[in-house]
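Close look at the chain arrangement
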Amino acid sequence: DGGITQSPKYLFRKEGQNVTLSCEQNLNHDAMYWYRQDPGQGLRLIYYSQIVNDFQKGDIAEGYSVSREKKESFPLTVTSAQKNPTAFYLCASNVARDYNEQFFGPGTRLTVL
Amino acid sequence: GQNIDQPTEMTATEGAIVQINCTYQTSGFNGLFWYQQHAGEAPTFLSYNVLDGLEEKGRFSSFLSRSKGYSYLLLKELQMKDSASYLCAVRDSSGGSYIPTFGRGTSLIVHP
């Protein structure tokens, strides 16, 4: 079955630790995205990548980093510089940037204690 | 960037019809999307409008007026499982990014 996987579903970390969230897709999509969602808020774009080895900052990139070494994978690292990291993180992909729908992974809920 | 506005919460009765509005301001409109998101889950795609008019897909329809910067999602024959958040997203081509911007979502509560 084709789709997007994110792991883990729930993640707990101590303040000051870096943490990496994984996102893998087997849809052969070129474009991948990371969003953050807070309660009562829409999705805010953190980073996106439209091709392997290239990525762009979104609206709230500070305190986050990404890599795109393979087409299938777009991991997100939440660094200790991110002031308020507790949130629901969603990874998405689509065929290319101007294609219609985005497909979303199940999300990772990160709680920093 | 875009300014997207939709109501925070709506309630409706099972079997009824509900209309969720979305207004937006953008410089390079390139499409409007509606997604459904159940609590704690990923958004799922419902509809896409790029031309004015109504797109119908089963119980769900979406309307767009580009001149008014306005869209609505119409849900007919409401079912309890339609209780969810509905996200409006607008894609902007100015600057070449083609990345959709999401509204805050409308939480729909369907009661018996």
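Computed from a prediction, not measured in an experiment: that's the story for all the values here.

As for the confidence of the model for chain A
Confidence along chain A averages 92 in pLDDT terms, with 96% of residues attaining 70 or more. Per-element averaging of pLDDT across chain A places strand E2 (residues 10–13) of chain A at the bottom with 93 and strand E7 (residues 64–66) of chain A at the top with 97.

Describing the environment of B:Ser47
Residues and elements named next belong to chain B. Mapped onto the fold, serine 47 is located in strand E5 (residues 44–49). Serine 47 gets classed as buried once you look at its relative accessible area, which sits at 8%. Residues serine 47 and cysteine 88, 41 residues apart in the sequence, show an inter-C-alpha distance of 9.8 Å. The residues contacting serine 47, other than those within four sequence positions of it, are Leu32, Phe33, Trp34, Lys57, Ser62 and Leu73.

Considering the state of the cysteines
Residues and elements named next belong to chain B. Inspection of every chain in the model, using the stated rule, returns two disulfides over all chains. At a sulfur-sulfur separation of 2.0 Å, the disulfide partner of cysteine 22 is cysteine 88. Between cysteine 22 and cysteine 88, the disulfide has an S-S torsion of -70° and is therefore left-handed. Here cysteine 22 is found in strand E3 (residues 18–25), whereas its partner cysteine 88 is found in strand E9 (residues 84–92), with 66 residues between them in sequence. Under the relative-accessibility criterion, cysteine 22 is labelled buried at 0%. Take cysteine 88: its relative accessible area is 0%, and that puts it in the buried class.

Examining the sheet that holds E3(B)
Residue and element names in this part refer to chain B. What the five strands build is an open sheet, ordered E1-E3-E8-E7-E6; its pairing is antiparallel. Edge positions in the sheet fall to strand E1 (3–5) and strand E6 (53–57), since each of these pairs with one other strand and no more. Going from strand to strand, the sheet's axes swing by 15° on average, the running direction of each strand aside. Sheet topology places strand E7 (residues 60–65) next to strand E8 (residues 70–75); six bridges connect them, and they run antiparallel. Counted as the bridge partner of leucine 64 is serine 71 from E8.

Topic: the pairing of strand E11 (residues 108–112) of chain A
Strand residues, when the strand is regular, have side chains that alternate between the two faces of the sheet. All names here are of chain A. Where E2 and E11 come together, four bridges link them in parallel fashion. Across the sheet, residue tyrosine 10 finds its bridge partner in E11, namely arginine 109. Two strands pair when backbone bridges link them, and strand E9 (residues 87–94) and E11 are joined in this way by three bridges, in the antiparallel orientation. Of the residues in E11, the one forming a bridge with tyrosine 89 is threonine 108.

Some remarks on the pairing of strand E6 (residues 54–57) of chain A
Taken together, the three bridges between strand E5 (residues 43–51) of chain A and E6(A) define a ladder with antiparallel strand orientation. If you follow A:Tyr47 over to E6(A), its bridge partner there is A:Lys57.

Some points on the packing of aromatic side chains
One pass over the full model with this rule turns up 16 aromatic pairs over all chains. The interplanar angle of 40° and the centroid separation of 5.9 Å between the aromatic rings of A:Tyr35 and A:Phe104 together place this pair among those described as tilted. Taken together, the positions of A:Tyr35 in strand E4 (residues 31–37) and A:Phe104 in strand E10 (residues 103–104) put the pair 69 residues apart, joining distant regions of the chain. Neither residue differs from the other here; A:Tyr35 and A:Phe104 are each classed as buried. Centre to centre, the rings of A:Tyr47 and A:Phe55 are 5.9 Å apart; their planes meet at 80°, and the pair counts as edge-to-face. The class for A:Phe55 is partly exposed, based on a relative accessible area of 35%. Pairwise contacts between aromatic rings join A:Tyr33, A:Tyr35, A:Tyr48, A:Phe104, B:Phe33, B:Tyr35, B:Phe45, B:Tyr48 and B:Phe102 into one cluster.

Criteria and cut-off values
- Residues numbered from 1 in each chain as written.
- Chains lettered and ligands numbered in written order.
- Predicted model: local features only at pLDDT ≥ 70, side-chain atom pairs only at ≥ 80, totals over all residues.
- Heavy atoms only, no water.
- pLDDT = per-residue confidence, 0-100.
- Helix = DSSP H or I, 4+ residues; strand = E, 2+ residues; numbered from the N terminus.
- Buried < 20%, exposed > 50% of the residue type's maximum accessible area, 1.4 Å probe, protein only.
- Contact = heavy atoms within 4.5 Å.
- Disulfide = S-S within 2.5 Å.
- Pairing = 2+ DSSP bridges.
- Axes fitted to C-alpha atoms, helices over the stretch in contact; angles between N-to-C directions.
- Phe/Tyr/Trp six-rings, centres within 6.5 Å; stacked < 30°, edge-to-face > 60°.

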